[in-house]
Amino acid sequence: MTKPPGLGIVEGLALTLRRFFAPKATIRYPEVPADVPHRFRGRLQLLYDEYGTLKCETCFQCAQACPVECIDMGGFDTRGRYHVHWGPPETYAERREESALRRSGRTVPDPAYEHWTPIDPAPLEAILEAHEYDPARLLEILEATQAAYGYLPVAALRRISQATGAWYAMIYGTASYYRQFRFAPPGDSAGDAADADSSGGAAARRPSEDAYLAALATALGGRGVGQP
Amino acid sequence: MTAVGRAWRRVTLPGKVVLVLAALAVVASGLLAAAAVLFGPPIVAFLEANLPLVRFVVAATAVLLVTVPTAFLIIYMEMKVIALMNLRIGPDRVGPFGTALSVVHGLKVLAKEDFTPTGADPVVFTMAPVVVFMATVMSLLVMPFAPGLFGQDFNIALLYFFAVGGFTVVGLLMGGWASFNKYSLLGGLRSAAQIVSYEIPLVLSAAGVVMLAGTMSLNGIVERQAGSILDWYVWQQPLAFLVFFIAATAEANRTPFDLTEADSEIVAGFATEYSGMRFGFFFFAEYVNVFVVSALTTTLFFGGWNAPFDWPWPVTLALDPGSLGILLLVGLAVVPVVGTLVFAAPFWLARSDWPTWQALLAGFVVFNLVAVAAVLGWAFVSFDWVVGLAWFMAKTYLFVFVFVWLRATLPRVRIDQLMDFAWKWLMELAFLNMFVTAGALLVVDQLRG
């Protein structure tokens, strides 16, 4: 059955009139931003190069910049242990070597993150209370914590981060920058392995630092800089 | 002198221009005032002696001036309405809601090169857009916008309207022929064929209305339709209205009958060689033509400036501003200040976080809105022609909307379909309508004795 003449035109007119009042499809981006949560930054993903290999160099900059600490560079090693290994920007180069080692499949000794040893929180709470939970006094807090526990347990660092509001990455960066801090008890063999190469004032110095200081002393004509 | 010279040198270049212009304006207004005082009475006497001439000049100027905002408004309306029907937003960059985009288009067209092809007849080539535009504008002269608001009340206004409107064909043929381009010539002939073909059903369908009204004066036709909505001729002449509207669509070169330009498939027809403002004038004329055709539809079939119903509660406002005398001046000085303060008070009281100047500004804006609304309302109540103009414009723009709506909906027809439709359907329907109307008039006359 065919339509009476003119009905098609009326139907078309009705359609356009409905469209006239329908909500519009235009996205008015700069004026009207999309309705997403306040801290939305898009979908996080790792990119691949044209050969299909991961482009990530584990440079830690994304983890350092992440405002909500939702990025952690790490993963499970061959023994099924979880490693988190971000740090301050000054240590990126070292950490790249670490990450290369980790990608090779071998275990990287990092006693600070092997596990969380449960600690007695009472001394730490007293320290935090005494320092008014002030992230600006982080160094004093860390020194007091090391004095109380003998080293800096991960659980203590976590608690400090939680109580002061400082990012964990900052606390870890601070603690790993100063050489008087250790992440393992002094008697621990794994912790000693890092510190054992020297006995004395050069403890916990980095190898390159020693070479640098020696060269500096030579250049300054035998006047010791930082040398005993 | 040195002080004046220093001050003059400190003024920037635009400032110098403005200062010179301001000085010229002061001198010119002074001269005008002096001339009015010295030669006022003889000038007024001369103008009174030649009133028809004055009336024509004023009407022609007014009609010419009115076409500009009309075309801009219709162009904006077309862009916006079609965009909304396409689920887009449409122009929204220039001006509030993109309303100034038509102005930008006009300036763009003005800034383009005005090109005349080698071998073209320059005089005819230049005159063609003018003829098209003038044909449209001249037909506005007899249009009754409101009671007392028309250029000229002819007794053959409708005939004049179709005759002057027919000049459009001449303009299109001139453009097509003078372009020195065979495609333009073909386009011009195609347009002429279309417009001449559709002119016949257009006029024949209007003949029924003329028979009913017994006059060809557009004013007379509108006055015959006075009363309620039931007295409009569309109820007695529905077929004529349908034929008229379809033919008018073709006459105004609107989709689905815009074969004359058909911008998306054939090279713009007669306008192929045109550029710049001459090209713009063709389309300027087209948009004014849309308004003219809508206005004629309103006049013939929808009661012109007649309101569809009587306002059930007649309001009379016996307020003559002239009778207030000096109080009017005092009121003009005092009311804005007091009104601003009164309307600013609620903002100032309710919004304690706003600074005072902001509350005052809001009060000023609200006062202006209220004042404009009050003046418009007073004019609406006090003057017949304001009411008539409001109704006339409302109906006319309703039809303009329908034209745009059709353009957003219907695809273009083929040229043979176009011709078939005009000659095999519309003309027969128009004749049928004319004969039936004539017969009905005879029967009614016989019955009434």
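Summarised in this report is the structure supplied together with it.

Parameters at a glance
Residues numbered from 1 in each chain as written. Chains lettered and ligands numbered in written order. Predicted model: local features only at pLDDT ≥ 70, side-chain atom pairs only at ≥ 80, totals over all residues. Heavy atoms only, no water. Helix = DSSP H or I, 4+ residues; strand = E, 2+ residues; numbered from the N terminus. Buried < 20%, exposed > 50% of the residue type's maximum accessible area, 1.4 Å probe, protein only. Contact = heavy atoms within 4.5 Å. Areas by Shrake-Rupley, 256 points an atom, 1.4 Å probe, with all protein chains shown as cover. 1 Å grid on protein atoms, 1.4 Å probe; cavity = no way out; pocket = protein on both sides within 12 Å on 5 of 7 lines; lining within 4 Å. Points joined across faces, edges and corners; volume = space filled by probe spheres on them. Nonpolar A, V, L, I, M, F, W, Y, C, P; charged D, E, K, R; others polar. Core = buried A, V, L, I, M, F, W, Y, C linked by side-chain atoms within 4.5 Å. Phe/Tyr/Trp six-rings, centres within 6.5 Å; stacked < 30°, edge-to-face > 60°. Lys NZ or Arg CZ within 6 Å of the ring centre and 35° of its normal. Buried area = accessible area lost by both parts, 1.4 Å probe. Salt bridge = Lys/Arg side-chain N within 4 Å of Asp/Glu carboxyl O. Polar contact = N/O pair within 3.5 Å; in protein donor to acceptor, adjacent residues only side chain to side chain.

1. Describing the overall build of chain B
Looking only at helices and strands, chain B features 16 helices and zero strands. A buried classification covers 41% of the 449 residues belonging to chain B. For chain B, long-range pairs separated by at least 24 residues make up 78% of all intrachain contacts whose partners lie at least 6 apart in sequence. Of the roughly 24,300 Å² that chain B leaves accessible, carbon and sulfur atoms contribute 76%.

2. What about the overall build of chain A?
Broken down by element type, chain A carries nine helices and two strands. When its helices and strands are written in sequence order, chain A yields α-α-β-β-α-α-α-α-α-α-α. Counting over 228 residues, chain A shows a buried share of 28%. Roughly 14,900 Å² of accessible area belongs to chain A as shown, and the carbon and sulfur atoms make up 58% of that amount.

3. Overview of unusual backbone geometry
Put simply, Thr-255 of chain B and Pro-256 of chain B share a cis peptide bond, and its omega is 5 degrees. Positionally, Pro-256 of chain B belongs in the loop between helix 11 (238-251) and helix 12 (276-301). Notably, Glu-132 of chain A is not glycine yet its phi reads approximately 60 degrees, a positive angle. When you line up the elements, Glu-132 of chain A lands in the loop between helix 4 (121-130) and helix 5 (138-149). What makes Glu-132 of chain A exposed here is its relative accessible area of 59%. Residues other than glycine seldom take positive phi values, yet Tyr-133 of chain A does so here, at roughly 55 degrees. Within the secondary structure, Tyr-133 of chain A sits in the loop between helix 4 and helix 5.

4. Examining empty space enclosed by the protein
All names here are of chain B. Considering all chains together, one arrives at two cavities of 30 Å³ or more under this definition. One number sums up the size of the largest cavity: a volume of about 190 Å³. Around the largest cavity sit 18 residues that line it, and Phe-161, Gly-165, Glu-251, Asn-289 and Val-293 are the ones nearest its centre. Within the residue set of the lining of the largest cavity, elements represented by two or more residues are helix 5 (122-140), helix 6 (157-165), helix 8 (182-213), helix 11 and helix 12. Here the lining of the largest cavity gets four residues from one element, more than from any other, and that element is helix 12. Of the residues belonging to the lining of the largest cavity, the class tally is 10 nonpolar, six polar and two charged. What the second largest cavity holds in volume is close to 110 Å³. Every residue lining the second largest cavity is counted, 13 residues in all, and those nearest its centre are Val-132, Leu-172, Asn-253, Phe-282 and Glu-286. When contributions to the lining of the second largest cavity are tallied by element, the ones reaching two or more residues are helix 5, helix 7 (167-178) and helix 12. Of all the elements, helix 12 adds the most residues to the lining of the second largest cavity, at five residues.

5. Description of the nonpolar core
In this structure, Phe-244, Phe-282, Leu-296, Leu-300 and Phe-301 of chain B are the most contacted members of the largest nonpolar core, which totals 98 residues. When residues of this core are assigned to their parent elements, the largest contribution, 14 residues, is made by helix 12 of chain B. Within the second largest apolar cluster, 19 residues are counted, among which are Leu-138, Tyr-168, Tyr-172 and Ala-175 of chain A.

6. Some thoughts on the layout of surface pockets
The space that makes up the second largest pocket amounts to roughly 900 Å³. In terms of lining, the second largest pocket is formed by 29 residues, of which the most central are Ile-9 of chain A together with Leu-242, Phe-245, Ile-246 and Leu-406 of chain B. For the lining of the second largest pocket, the element with the highest residue contribution is helix 11 of chain B, accounting for seven residues. Here the lining of the second largest pocket is composed, by residue class, of 25 nonpolar, three polar and one charged.

7. Digging into the packing of aromatic side chains
Scanning the entire structure with this criterion turns up 33 aromatic pairs over all chains. Centre to centre, the rings of Tyr-177 of chain A and Tyr-178 of chain A are 5.3 Å apart; their planes meet at 85 degrees, and the pair counts as edge-to-face. Taking the relative accessible area as the measure of exposure, Tyr-177 of chain A reaches 45% and is therefore partly exposed. Residue classification places Tyr-178 of chain A among the partly exposed positions, given a relative accessible area of 32%. Measuring from ring centre to ring centre gives 4.9 Å for Tyr-274 of chain B and Phe-282 of chain B, while their planes differ by 85 degrees; the resulting arrangement is edge-to-face. Accessibility assignment for this pair places Tyr-274 of chain B and Phe-282 of chain B in one class, buried. When the ring centre of Tyr-168 of chain A is taken as reference, the NZ or CZ atom of Arg-158 of chain A above it lies at 4.1 Å.

8. Some words on the interface of chain B and chain A
On the side of chain A, 14 residues touch chain B, which itself brings 14 residues to the contact. The contact between chain B and chain A buries some 1,300 Å² in all, and 72% of this surface belongs to carbon and sulfur atoms. Of all residues in chain B, Leu-87, Ile-89 and Trp-405 of chain B give up the largest surface area on contact with chain A, accounting jointly for 42% of the area buried on that side. Where chain B packs against chain A, one counts two salt bridges. Measuring nitrogen to oxygen at the nearest pair gives 2.3 Å for the salt bridge that ties Asp-92 of chain B to Arg-28 of chain A. Counting across the interface, chain B meets chain A through eight residue pairs in polar contact (both at pLDDT 80 or more). For the side of chain B that touches chain A, the secondary structure elements donating two or more residues are helix 3 (51-85) and helix 15 (384-409) of chain B. When residues in the side of chain B that touches chain A are grouped by element, the largest group, five residues, is from helix 15 of chain B. Its residues placed into classes, the side of chain B that touches chain A shows 10 nonpolar, one polar and three charged.

9. Some remarks on the pattern of salt bridges
In a structure, side chains of opposite charge can pair up when their charged atoms sit close to one another. Applying the stated criterion across every chain yields a total of 14 salt bridges over all chains. In this structure, Asp-420 of chain B engages Lys-424 of chain B in a salt bridge whose closest nitrogen and oxygen atoms are separated by 3.6 Å. Of this pair, Asp-420 of chain B and Lys-424 of chain B both sit in helix 16 (residues 415-448), separated by four residues, roughly a single helical turn. Connected via shared salt-bridge partners are Arg-28 and Glu-31 of chain A together with Asp-92 and Arg-93 of chain B.

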